[in-house]
Amino acid sequence: MTTTPTQPRRPAFSITDLVPPDDPVLHPALTERQLREVAALAHCREYAPGEVMFEQGQRNAPLIVLESGSVDIYDRTQPGDTLIARVIAGRFVGDLAMFTGEPTLAECVASEPVRALIIDQPQVRRLIAQQPDVGDLILRTLIARREWLSGHGLGQIKLIGSRWSEHTFRLRDFLSRNQVLFRYYDLDSDPEVDGMLKAFGIDPADTPVLICPKGVHRNPTVEQVAENFGLRARLDESKVVDLLVVGAGPGGLASAVYGGSEGLDTLVIEADSPGGQAGTSSRIENYLGFPMGVSGDDLTQRAVLQARKFGVTLTSPRTVDTIDCEGMVKRVRLSGGEVVTARSVVVAVGVDYRKLPCPDCERYDGRGVYYGASHQEAEQCRDETVVVVGGGNSAGQAAINLAQTAAHVLLVIRRDSLAESMSRYLIDRIDRADNIELVTETQLTGFVGEGGLKRVTMTRRDGGESKVETSSVFVMIGADPRTDWLRGCVGLDDRGFIVTGEDARHHPDFADHWGQTNREPFLLETTRPGIFAVGDVRSGSIKRVASAVGEGSMAVKYVHEHLAVV
C-alpha cells in the first residue's frame, strides 16, 4: 500500500561543505562543441524563478543543460530540507537517474530566470552511446554525483523494519544490490524510529515500510519496489529480440555488454538482483585490472551502466517458468505470464548456495541465517560474534569482510584445513586476522532463538559439542545449479549443470535435441541450437568472475554465427 506524505515543506539549510558551482568533477563546464552536440538532441525551455524543474523521486526526468541563469538542488528527505548544490550556466543538471530512468535523488528549482536545453531520457542514452566526448563526460559526472550523494548521506529513501524480519532482509538486500540509495532504521533499536512512524501515521505492524519523496510504501513486495524504482522494465510481447540473456551475474552481464555493443537487440532477465553471487562480495582481489580489488556491487553497477549505454534492456526481478526449445525461435514464459520470444538465448543463471543440512535451520532464513554476506550484513553484526560456514573463496571473503566490524568471526569447515578449497592469499589473510578463528572438522547441528537466532550448536567429527551465542550465521557450503526449468530442454550432467560444446555432442539427448541442424555445436552451445550457457551454471566451468566474464563475451561470437544461418 502506498500513501502520499502530508508533511509541509520545511525551511531549507545548506550543508557545510556545499560544492562550488564550478567544481570540475561534479559541475564540469561544457565546451562550445559539446553544447552543439547536446543541442542537436534537445529542445529549449524557459523557467521562472522558484519554478520546480524536476521533483525528487520523479521517474524518467530529463537531463538539463543551463544556457543562462542558475538553479538550486535540494534534498527533501532530510529532517530539514537541504540545499546541496547550485548549478550555473554552461553546466548540466541531473543525477544517474537521468540515464537509468529511476527516481531522481534530488529536486531542482530555478533560482533566477533560466533558459535551458532539455534532453529527454531516451535521448540521454543516445547521446552517451553515440557522442563519446560529451557522453563520457556526462556519464562520468553522473556516477561521481551518485557517489558524492551516497558518501554524504543525501538523496536516500528510508527503510524501517525489524532486523528479525525476513521480509525486511529481502528488501534491504534488493535495494542494496540494485544500488538504490537508502538508509535503514531498525524497528527494535533505532531511537529515531518512533518519531518517524508517528510523523507519517505508520503502525509498527505495517513495517517494513519505505518512506520515499513520492509516498510511503507499507509492507511492499520486492516486485512492487522494483516497479516503483524503474527496475522492472515493461516487455513488448510482440517483439522478437536477437538475444535473450537469462541471468545478470558476471557472465550474463558480459553477454549483454558485448551483444548490445555489437548491434544485437538484447534483453536481460534477472530473477533477483544483478551481480549474482559475485555481487555480494565486499572485495574481489584477483580480477584482472584491479590491483586494489573491486567490490562486487561496484563491478556490477559499472557493468549494468555499460550494458544500458549500449541499449540493452534489463528487467528484474523476473523468473523464467518454461522455455519452448523446439524450432529456431525460442519462446520463454515468465512467472508473471509474459512471453518473450528470442532468436538466441544465453543461460547465465548461476547457482544457489546449498542449504544447511540441519533441522529447523530454514525457519531462521533472513532472521539470522544468511546465504552470502554483503556490507549491509557486516554493519548489522558490528561488535558481535558471527559464524561463517564454508571453506571456499566466497566464505573466506565473507569472513575477512565481517571481521572488519564483528568482534569475533568463527569460520567453520568440515575438512581439516582450507588448503584444498581456498586461494592462498585468502588463507594468509585469515591466518593474520586476530579476530577470525578457524574451526575445523565441525558442522552446525542446532539453532535456538525466538523471533530471531540467538545460539547455535557446533558438533565436531569426534562427537563433541559446543554452543555459541550468535545472531548471525553466513552459509557458503557449495552450490547447486538453477536448472530445474531447463530439464528436458537441454542436456544436463549428473549434477544438473548444463553441458556444452563437445560434452553436449556426446550427451545421450544430443541427437534428439539437435535435430536436422547441419553443423556441430559451438564451444558454449548446449544440445539445442541457439541456446548457450556461460558461467557457473555450465558443466566444467571455472568458478571465477574472470572466467564467467570471458565466457559471456565469447558466447556472443557464437550467437552471431548462429544467427547468420537461421
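What counts, and where the lines are drawn
- Numbering of residues begins from 1 in every chain and follows the order in which that chain's sequence is written.
- Two thresholds apply to this predicted model, a pLDDT of at least 70 for residue-level local features and 80 or more for giving and counting side-chain atom pairs, whereas whole-chain, interface and lining totals are computed over all residues.
- Heavy atoms throughout the structure, all of them, feed into the side-chain values; hydrogens and water do not.
- The numbering of helices and of strands both runs from the N terminus, where a helix is a DSSP run of H or I of at least 4 residues and a strand a run of E of at least 2.
- Our radius of gyration looks at C-alpha atoms and nothing else; its globule reference is 2.2 Å times the residue count to the power 0.38.
- When accessible area is computed with a 1.4 Å probe and restricted to protein chains, residues below 20% of their type maximum are described as buried, those above 50% as exposed, and intermediate ones as partly exposed.
- Contacts are assigned to residue pairs with any non-hydrogen atoms lying within 4.5 Å of each other.
- Accessible surface is estimated by sampling points in the Shrake-Rupley manner with a 1.4 Å probe; for residues, cover comes only from the protein chains shown.
- His is not counted, nor are the chain ends, whereas Lys and Arg count as positive and Asp and Glu as negative.
- Charge positions are represented by NZ for Lys, CZ for Arg, CG for Asp and CD for Glu.
- In this scheme, strands are said to pair when DSSP sees at least two bridges between them.
- Whether a crossover is right-handed comes down to one check: with the strands pointing away from the viewer, does the path from the first strand over the helix to the second run clockwise; if it does, it is right-handed.
- To form a nonpolar core, buried Ala, Val, Leu, Ile, Met, Phe, Trp, Tyr and Cys residues must be joined to one another through side-chain atoms within 4.5 Å.
- Side-chain rings of Phe, Tyr and Trp, where Trp is taken by its six-membered ring, are said to pair if the distance between their centres is within 6.5 Å; with planes under 30 degrees apart they count as stacked, over 60 as edge-to-face, and otherwise as tilted.
- Axis definition: a line fitted to C-alpha atoms, limited for helices to the stretch in contact. Angles are taken between N-to-C directions and run from 0 to 180 degrees.
- Charged means Asp, Glu, Lys or Arg here, nonpolar means Ala, Val, Leu, Ile, Met, Phe, Trp, Tyr, Cys or Pro, and polar covers whatever is left, Gly included.
- For salt bridges, the criterion is a side-chain nitrogen of Lys or Arg within 4 Å of an Asp or Glu carboxyl oxygen.
- Polar contacts here mean pairs of N or O atoms no more than 3.5 Å apart (in protein, one a potential hydrogen donor and the other a potential acceptor; neighbouring residues in sequence count only if both atoms are side-chain atoms).
- Cysteine sulfur pairs qualify as disulfides if the two atoms are within 2.5 Å.
- Given a helix with a known number of residues, its expected span is that number minus one, times 1.5 Å.

**Student:** An account of the overall build of the chain is needed here, citing residue identities and associated values.
**Tutor:** On a plain count of helices and strands, the chain comes out with 15 helices and 33 strands. Here the C-alpha radius of gyration of the chain, 25 Å, is about what a compact globule of 566 residues would show, namely 24 Å. With respect to the three principal axes, the spread of C-alpha positions in the chain is 75 × 65 × 45 Å. Looking at the chain as a whole, 57% of its 566 residues qualify as buried. Considering only contacts in the chain between residues 6 or more positions apart, those separated by 24 or more positions represent 69%. Looking at the chain as shown, the accessible area adds up to about 24,000 Å², and 49% of this sits on carbon and sulfur atoms. The centroid of the 61 positive side-chain charges in the chain is displaced by 1 Å from the centroid of its 77 negative side-chain charges.

**Student:** Can you lay out the pairing of strand β27 (residues 436–439) for me, pointing to particular residues and giving the numbers?
**Tutor:** The pairing of strand β26 (residues 408–412) with β27 spans 4 bridges and is parallel. Pairing of Val-409 across the sheet is with Ile-436, part of β27. Handedness of the crossover joining β26 and β27 through helix α12 (residues 424–432) is recorded here as right-handed.

**Student:** So, the nonpolar core: which residues are in play, and what are the values?
**Tutor:** One finds Met-53, Leu-66, Val-71, Ile-73 and Val-93 to be the most contacted residues of the largest nonpolar core, which totals 46 residues. Apart from residues no more than four positions distant in its own chain, Met-53 is found in contact with Tyr-47, Ile-64, Leu-66, Val-71, Cys-108, Val-109, Ala-110 and Val-114. Counting residues in hydrophobic clusters, the runner-up holds 26 residues, among them Val-386, Val-388, Leu-402 and Phe-474.

**Student:** Which residues make up the packing of aromatic side chains, and what values do they have?
**Tutor:** Within this structure, the stated rule accounts for 6 aromatic pairs. For the ring pair Phe-169 and Tyr-370, a centre distance of 4.8 Å and an interplane angle of 45° mean the geometry is tilted. With Phe-169 in helix α5 (residues 166–177) and Tyr-370 in strand β24 (residues 369–370), this residue pair connects regions lying 201 residues apart in the sequence. Both residues of the pair, Phe-169 and Tyr-370, count as buried.

**Student:** Give a detailed account of the packing of helix α3 (residues 121–130) against helix α4 (residues 132–151), specifying residues and quantitative values.
**Tutor:** Interhelical geometry of α3 versus α4 gives an angle of 120° and a closest axis separation of 6 Å. Counted together, Leu-127, Ile-128 and Gln-130 of α3 and Pro-132, Val-134, Gly-135, Ile-138 and Leu-139 of α4 form the full contact between these two elements. In terms of residue class, the contact of α3 with α4 is built from 6 nonpolar, 2 polar and no charged.

**Student:** Account for the side chain of Arg-145, naming residues and giving values.
**Tutor:** Position of Arg-145 relative to the elements: it lies in helix α4. Buried charged residue Arg-145 carries no salt bridge. Nearest counter-charge: Asp-95, at 7.7 Å. A polar side-chain atom of Arg-145 sits 2.6 Å from the main-chain carbonyl oxygen of Gly-94. Not counting residues within four places of it along the chain, the set of residues in contact with Arg-145 comprises Leu-26, His-27, Phe-92, Val-93 and Gly-94.

**Student:** Talk me through the state of the cysteines; I want residue IDs and the actual numbers.
**Tutor:** Across all of its chains, the model carries 1 disulfide by this definition. Between the sulfur atoms of Cys-325 and its disulfide partner Cys-489 the distance amounts to 1.5 Å. Here Cys-325 and Cys-489 share a disulfide; its torsion about the S-S bond, -90°, makes the bridge left-handed. Of the two residues, Cys-325 is situated in the loop between β19 (320–324) and β20 (330–334) and Cys-489 in the loop between β32 (479–481) and α13 (501–505); the sequence distance between them amounts to 164 residues. The same class applies to Cys-325 and to Cys-489, which are both buried. Looking at the unpaired Cys-44, the closest cysteine sulfur is the one in Cys-108, lying at 16 Å. Relative accessible area serves as the criterion here: at 41%, Cys-44 is assigned to the partly exposed category.

**Student:** Tell me about the sheet that holds β20, residues and numbers included.
**Tutor:** The 4 strands are arranged β15-β21-β20-β19 in an open sheet whose pairing can be described as mixed. Pairing within the sheet leaves two strands with one partner each, and these edge strands are β15 (240–241) and β19. Here β19 pairs with β20 via 4 bridges, running antiparallel. Pairing of Ile-323 across the sheet is with Val-332, part of β20.

**Student:** Residues and numbers for the sheet that holds strand β3 (residues 43–47), please.
**Tutor:** Strand order in the open sheet formed by 4 strands is β3-β10-β5-β8, and the pairing between neighbours is antiparallel. Two strands lie at the open edges of the sheet, namely β3 and β8 (92–93), each paired on one side alone. Contacts between helix α1 (residues 32–39) and the sheet are confined to β5 (63–68) and β10 (114–119), with β10 contributing the most and set at about 65° to the helix.

**Student:** Outline α4, supporting the account with residue identities and numerical values.
**Tutor:** With 20 residues, α4 should reach 28 Å at 1.5 Å per residue; the first-to-last C-alpha distance of 28 Å fits that figure. Every buried residue of α4 is accounted for by Val-134, Gly-135, Leu-137, Ile-138, Leu-139, Thr-141, Leu-142, Ala-144, Arg-145, Arg-146, Trp-148 and Leu-149. Remark: Gly-153 follows α4 within two positions and exhibits a positive phi of approximately 70°.

**Student:** Describe the pairing of strand β14 (residues 215–218), naming the residues involved and giving the relevant values.
**Tutor:** Where burial is concerned, the two faces of β14 agree: the one with Gly-215 and His-217 and the one with Val-216 and Arg-218 are both buried. Two successive antiparallel strands, strand β13 (residues 209–212) and β14, enclose a turn made up of 2 residues.

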